[in-house]
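Spelled out from the first residue to the last, the chains are:
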Amino acid sequence: MADPARSVPSTARFGLTGDQAERELRAAGLWDDSGPLSDYEPILTSLSRAPEPDVALRGLDRVREADPDGWPELRAALVEDRQLRGRLIAVLGSSTAMADHLAVRPSEWRRLTSARTPVDGYTGALLAAVGAEGDGPQGPVARLRGRKAVRALRFAYRGLLMEVAGDDLGHVVESSVPPADYVAVTAQLTDLAEAALRAALAVAWADQEGAQDQARLTVIAMGKCGGHELNYVSDVDIVFVAEDDLAVATRVASTMMRVAGEACFEVDAALRPEGKAGALVRTVDGHASYYKRWARTWEFQALLKARPIAGDRELGEEYMGVVRPMVWSAADRENFVADVQEMRRRVEKHVPSELIERDLKLGRGGLRDVEFAVQLLQLVHGRADETLRLSSTVDALAALGAGGYVGRTDAAELTESYRFMRTLEHRLQLQRLRRTHLFPAEEDTVELRRLARSMGIGPEGGRSAAQALQAEFRKQANHIRRLHEKLFYRPLLAAVSRVPTDALRLTAGQAQARLAALGYTAPDGALQHIKALTSGVSRRAAIQTALLPVLLDLLGNTPDPDGGLLAYRKVSEALAATPWYLRVLRDEGAVAERLATLLGTSKLVPDLIVRAPEVLRLLADPRELTHRDPADVAASLRSAVKRHGYLGNAVAAARSLRRHEILRVACGDLLGFLDVESVCAALSSVWGAVLQAALAAVDRAEAAADGGHLARIAVIGMGRLGGAELGYGSDADVLFVCEPADGVSDQDAVRYAGRVAQSLRKLLGSPSGDPPLHVDVDLRPEGKNGPLVRTLESYRAYYTQWAEVWEAQALLRASPIAGDEDLGARFIEMIEPIRYPRDGLDTAQIREIRRIKARVDTERLPRGANPNTHTKLGRGGLADVEWTLQLIQLRHAHAHPALRTTSTLDGLRAAAEAGLVDDADAAALRESWLLATHVRNAATLVRGKSTDQLPGSGRELAATAAAVGHTGADPGAFVDAYLRTTRRARGVVERLFYED
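Everything numeric here is computed off the predicted structure, so don't read it as measured data.

Cut-off values and rules
Residues numbered from 1 in each chain as written. Predicted model: local features only at pLDDT ≥ 70, side-chain atom pairs only at ≥ 80, totals over all residues. Heavy atoms only, no water. Helix = DSSP H or I, 4+ residues; strand = E, 2+ residues; numbered from the N terminus. Buried < 20%, exposed > 50% of the residue type's maximum accessible area, 1.4 Å probe, protein only. Contact = heavy atoms within 4.5 Å. Areas by Shrake-Rupley, 256 points an atom, 1.4 Å probe, with all protein chains shown as cover. Lys, Arg positive; Asp, Glu negative; His and termini not counted. Charge placed at Lys NZ, Arg CZ, Asp CG, Glu CD. Salt bridge = Lys/Arg side-chain N within 4 Å of Asp/Glu carboxyl O. Core = buried A, V, L, I, M, F, W, Y, C linked by side-chain atoms within 4.5 Å. Axes fitted to C-alpha atoms, helices over the stretch in contact; angles between N-to-C directions. Parallel < 35°, antiparallel > 145°, perpendicular 65-115°, else oblique. Nonpolar A, V, L, I, M, F, W, Y, C, P; charged D, E, K, R; others polar. Pairing = 2+ DSSP bridges. Expected span 1.5 Å × (residues − 1). Phe/Tyr/Trp six-rings, centres within 6.5 Å; stacked < 30°, edge-to-face > 60°. Lys NZ or Arg CZ within 6 Å of the ring centre and 35° of its normal. Arc of directions from axis to C-beta. Polar contact = N/O pair within 3.5 Å; in protein donor to acceptor, adjacent residues only side chain to side chain. Disulfide = S-S within 2.5 Å.

Peer 1: So what's going on with the overall build of the chain? Residues and values would help.
Peer 2: Within the chain, the regular secondary structure consists of 44 helices and 10 strands. Taken over the C-alpha atoms alone, the chain extends approximately 125 × 80 × 50 Å along its principal axes. Looking at the chain as a whole, 56% of its 996 residues are labelled buried. Long-range pairs, those at least 24 residues apart, make up 74% of the contacts in the chain with a sequence separation of at least 6. Summed over its atoms, the accessible surface of the chain is roughly 40,700 Å², and 49% of this surface lies on carbon and sulfur atoms. Considering the chain, the positive charge centre built from 126 side chains and the negative charge centre built from 133 side chains are found 2 Å apart.

Peer 1: Can you lay out the side chain of D699 for me, pointing to particular residues and giving the numbers?
Peer 2: Here D699 lies in helix α33 (residues 676–706). Of the side chains with opposite charge, R700 comes closest to the buried, unpaired D699, at an N-O distance of 8.1 Å. Those residues in contact with D699 that sit more than four places away from it in its chain are H709, Y752 and V756.

Peer 1: So what's going on with the environment of G672? Which residues, and what values?
Peer 2: With respect to the helices and strands, G672 occurs in the loop between α32 (647–670) and α33. When the C-alpha atoms of G672 and A517 are compared, they prove to be 27 Å apart, with 155 residues separating the residues in sequence.

Peer 1: Which residues make up the nonpolar core, and what are the values?
Peer 2: Counting 164 residues, the largest nonpolar core has Y568, L691, F736, L764, Y799 and F827 as its most contacted members. For F736, the residues in contact, after removing those within four places along its chain, are A714, V715, A757, L760, R761, V775, V777, L788, V789, R790 and Y795.

Peer 1: Break down the packing of helix α3 (residues 53–66) against helix α6 (residues 96–104) for me, citing the residues and quoting the values.
Peer 2: Geometrically, a packed helix pair is captured by the angle between its two axes and the distance between the axes. The N-to-C vectors of α3 and α6 enclose an angle of 10°; their axes lie 9 Å apart at closest approach. In terms of orientation, α3 and α6 fall into the roughly parallel class. Residue-level inspection shows V55, G59, R62, V63 and A66 of α3 in contact with α6, the latter providing T96, A99, D100, L102 and A103. Its residues placed into classes, the contact of α3 with α6 shows 6 nonpolar, 2 polar and 2 charged.

Peer 1: Describe the pairing of strand β7 (residues 732–740), listing the residues and the values that go with them.
Peer 2: Of all 9 residues making up β7, 9 are buried, and the element is well covered by its neighbours. Along β7, one buried face is formed by A732, V734, F736, C738 and P740 and the opposite face, lined by D733, L735, V737 and E739, is buried too. Judged from the 7 bridges that link them, strand β6 (residues 711–717) and β7 form a sheet pairing that is antiparallel. Paired with R712 across the two strands is E739, which belongs to β7. In terms of strand pairing, β7 meets strand β8 (residues 775–776) through 2 bridges, oriented parallel. Bridge assignment links A732 to a residue of β8, and that residue is V775. Of the strand pairs in this sheet, β7 and strand β9 (residues 789–791) are connected by 3 bridges, and their pairing is parallel. Each residue of the ladder has a partner; that of C738, found in β9, is T791.

Peer 1: Summarise the pairing of strand β1 (residues 215–221); cite the residues concerned and give the values.
Peer 2: The side chains of a regular strand alternate, first on one face of the sheet and then on the other. By the criterion of burial, β1 is predominantly enclosed, with 6 of the 7 residues buried. Direction of pairing for β1 relative to strand β2 (residues 236–244): antiparallel, over a ladder of 7 bridges. Bridging across to β2, I220 finds its partner in V239. Here 4 bridges tie β1 to strand β5 (residues 307–311), and the two strands are oriented antiparallel to one another. Across the sheet, the residue bridging to V219 is A310, located in β5.

Peer 1: I'd like to hear about helix α35 (residues 746–765), residue by residue, with values.
Peer 2: Residues lying three or four places apart along an α-helix face the same way, a consequence of the helix completing one turn every 3.6 residues. For α35, which comprises 20 residues, the first-to-last C-alpha distance of 28 Å matches the rise-based estimate of 28 Å (1.5 Å per residue) to within 8%. Buried residues belonging to α35 abut α32, α33, β6, β7, β8 and β9.

Peer 1: A description of the packing of aromatic side chains should follow, citing residues and the corresponding values.
Peer 2: Summed over all chains, the structure comprises 9 aromatic pairs. The interplanar angle of 90° and the centroid separation of 6.3 Å between the aromatic rings of Y182 and Y418 together place this pair among those described as edge-to-face. Of this pair, Y182 sits in helix α9 (residues 182–207) while Y418 sits in helix α18 (residues 408–430), and the two are 236 residues apart along the sequence. Per residue, the accessibility class of Y182 equals that of Y418, and both read buried. Judged by centre distance (6.1 Å) and plane angle (20°), the rings of Y795 and Y799 are stacked. Of the two residues, Y795 and Y799 both sit in helix α36 (residues 792–801), 4 residues apart, roughly one turn of that helix. Per residue, the accessibility class of Y795 equals that of Y799, and both read buried. Ring pairs connect the aromatic residues Y795, Y798, Y799 and F827, which therefore count as one cluster. Over the ring of W687 we find R658, and its NZ or CZ is 5.3 Å from the ring centre.

Peer 1: So what about helix α31 (residues 630–642)? Which residues, and what values?
Peer 2: With 13 residues, α31 should cover 18 Å at 1.5 Å per step; its first-to-last C-alpha distance of 18 Å lies within 8% of that length. All of the buried residues along α31 are V633, A634, L637, A640 and V641. Looking down the long axis of α31, one finds its buried residues gathered within 130° of arc, a one-sided arrangement.

Peer 1: Summarise the pattern of salt bridges; cite the residues concerned and give the values.
Peer 2: Taken as a whole, this structure holds 75 salt bridges when the rule is applied. E274 serves as the salt-bridge partner of R282, at 2.3 Å between the closest nitrogen and oxygen. A relative accessible area of 15% places R282 in the buried class. The partner of K486 in a salt bridge is D587, with the nearest N and O atoms 3.7 Å apart. Of this pair, K486 sits in helix α20 (residues 465–488) while D587 sits in helix α27 (residues 581–587), and the two are 101 residues apart along the sequence. Among the residues examined, K486 registers a relative accessible area of 23% and is labelled partly exposed. Among the ionic contacts, a cluster of salt bridges with common partners joins R344, E348, E357, R364, D369, R474, R481 and E485.

Peer 1: How would you sum up the side chain of E807? Please name residues and give values.
Peer 2: Here E807 is to be found in helix α37 (residues 805–811). It is R790 that comes nearest to the buried, bridge-free E807 among opposite-charge side chains, at 7.9 Å. A distance of 3.0 Å separates a polar atom in the side chain of E807 from the backbone nitrogen of E804. Apart from the residues within four sequence positions on either side, E807 is in contact with P781, E782, Y798 and W802.

Peer 1: Could you give me a rundown of the packing of helix α26 (residues 561–574) against helix α29 (residues 604–611), with the residues and numbers involved?
Peer 2: At a minimum axis distance of 9 Å, the contact between α26 and α29 shows a crossing angle of 5°. If you check the angle between α26 and α29, you find them roughly parallel. In this structure, α26 uses A567, V571 and A574 to contact α29, whose residues at the interface are P606, I609 and V610.

Peer 1: Can you explain the environment of V676? Please cite residues and give values.
Peer 2: Along the chain, V676 falls in helix α33. Spatially, the C-alpha atom of V676 lies 7.3 Å from that of T933, the residues being 257 residues apart in sequence. Residue contacts for V676: discarding those within four places in its chain leaves L930, T933 and H934.

Peer 1: Which residues make up the environment of R983, and what are the values?
Peer 2: Along the chain, the position of R983 falls in helix α44 (residues 971–994). Residues R983 and K784 lie 199 residues apart in sequence; the distance between their C-alpha atoms is 36 Å.

Peer 1: Residues and numbers for unusual backbone geometry, please.
Peer 2: Backbone geometry places N335, a non-glycine residue, at a positive phi of 60°. Residue placement: N335 occurs in the loop between α14 (313–327) and α15 (336–349). Here E782, not a glycine, exhibits a phi torsion of approximately 70°, which is positive. Along the chain, the position of E782 falls in the loop between β8 and β9. Relative accessible area serves as the criterion here: at 44%, E782 is assigned to the partly exposed category.

Peer 1: Any chance you could break down the state of the cysteines for me, citing the residues and the numbers?
Peer 2: With the rule as written, the count across this model stands at 0 disulfides. Here C667 is not cross-linked by a disulfide; its sulfur's nearest cysteine counterpart is in C680, at 17 Å. We classify C667 as buried; its relative accessible area is 2%. Under the relative-accessibility criterion, C680 is labelled buried at 2%.

These results come straight from atomic positions and should not be treated as a statement about function.
As structure tokens, then:
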């Protein structure tokens, strides 16, 4: 009696839920209520793992019905041979087309045993099927012809295809079957297709008796066949090349296509010159003539994978010798990159909108996204790097990653996603051996489940297998799309393609000549920089080798190519240990182009980049350079400083963030993303934040030493700091005001605040590699002879009794910058009557201001400076405009409240609105002030140190003109424009400032 525990209660236990499942199992001898489970459990268990258990069982039943006498042998083999069991059940559970084949030829199951056909035996097997023997220069001639040949080839091809499918799918059912790698499967499928084409050609030679003596013919594989990466069901793209009698060759080619199409797969020759409208067969010279004169960009892209696979070998190599050089010079064509990108967009547009997310091949995140990106990178960079000249997408991706053209992580992710999509495509096509690329719709849960099981994906995390497959598909598609857009639309690609191929492979002498032509004045020195950057076999050197041809061109368009290249070398060497540096230049948008502009224009920027390299990342997006809220900057700076207990480290953190912000602003300025007012406001805001954070840190340290805060301290910004008009080289003019804490005497409070102020100035002004931070207190009462800090009441007493008119003028720009806000506000309230006198100025005071201005003009202009082009003290320069406005403010602000502003531009606007200055005069002053400020900032960035003088000539003048936005080739024209603007302003100043 059978053990009840070992009997099978239901076929559903093994995933067999079909109406006929039990009947089919009983007929096959795999189901017996009274028999022990062990007799048939191995087969039932394997069936339960099949992508579609009921379909696999039905396939087995069809084989049994087709060969009832052979069934016992097969049943026994299935029990004993796990690998056969895995391959056969996986194939039957994945492909009804393979079940059809076995139903016609049931003995073919033996192909799935260990005695399978080796890959290098495919050609021999298919040639034998059509009775072709021998191997002449153009291949053998078949004995079978017509329908017999087609039928024989079809069955032989289908049997070998089943062997490939068995190797591919067997591990899904039985773990003892080694999992097949995607690359190995596509290589097998390609080798099988090549063998089929050779057999079809042998039949075609037979149909055209004697043709081999009249014409030479070779078959060139294109597309996936050429790349050794075919699907189970692909159109096989080919091109025919012939010599001698082209009419005979054309008949042979047509016959070959028909035989292969009827027996195995569609053969497509549409990639030939002129496409379907062109001749099916051409000579080598005919192809060469077409490609030289008429071919479009996409045709060279198609030739990337071309290789001879059948027919006359010598003729095939001759053809490749002609077209291969054309492929690797195609990127020299005008608008090459844009043409390829537009081709991809057109392909995508042809996909119906409702299918764009489901089309594995042409849709978003599909196979074409990978292939177009890889091919474009190959064609652009492969001109100089022969390691990229590979036909396989996966191999090319690996080479691009190894060569540094693509990030290693990006290459690995893209390869993984591409393999997944191609495997998914294979599983879709296998079911009915039909060419399809459409992922099942969300509601088609049955197909999704089958597809998931064939991919080895089961339920996970509370999701069904269908849901898990959908999630994985969307994840991989998103990976592909993201990386496609990153690589395919990389602006650097277009720049690389504009570098002529010859310039990518130059001898030392040729390189020097090209560098000289690009504008390098010391090409031998430039060549040494290039050698230093690209020497060795490191990944870093490989990436530099890819970047430098573009950077040399980009730097050649800057005012100082030699200085820019030297700066690039210094930056690259300083950031050699920064892992993302070269990756950002290669991958992130227009970073390389913008960096070249900066390095070839400014000497200050390279020094700052070395100390604040993180700003390089911001170059990818102009908004990152410009849309930074000053309040956020100040908050970040204060937070960073507070984290440091040691005073020196706290101030160092403040200086570090200032360096970052100055570099950010300088980049936005030089690249034209920030206007003059925004630059001045940003630099002033940064200075204020530094003072606020540093003052708080010093005050805490001093309070800890003295047992508490003995005074409240406020820092009052003066001059350009108070007016929010700082430049890159400006000092911070300030006043320190204090107020005793409760129970503290004025004397102790002043001493305490003095120590804080002195320590602050010393720490911020200590030498470093950053732009200097000079805190200037010379505008305090009594100047250098007066105390560094005063109480509010001391300031009140001084200004009430002793203030001179120039001190009232200096207070026009006073504004609280840091420290105690209430104290700062009360200081401003206290000085209002001083800087905005109730009755304006009397004649003597006006005369005094004019006297001081005249003295400044004659005594403070540096020796040797050109008074026409000195931005600060020159004619129509900053001092002229500012003194003119300040005189108007002192005379009229009591009557016109809008004049009570620390901003020069706001003051000019208010003066014009009040009718104190003509609109035209105000516009002339405004234009001159903005231009002088812009030039002053630009000259400082160009020279790398503070300067007020517009350079007289040479590359510094050209760089300054470029930094200001002058687009002409002649910097002299810029100087003329500067002189015209300042002359107009000087005329206005002489009327408004010196005339009553």
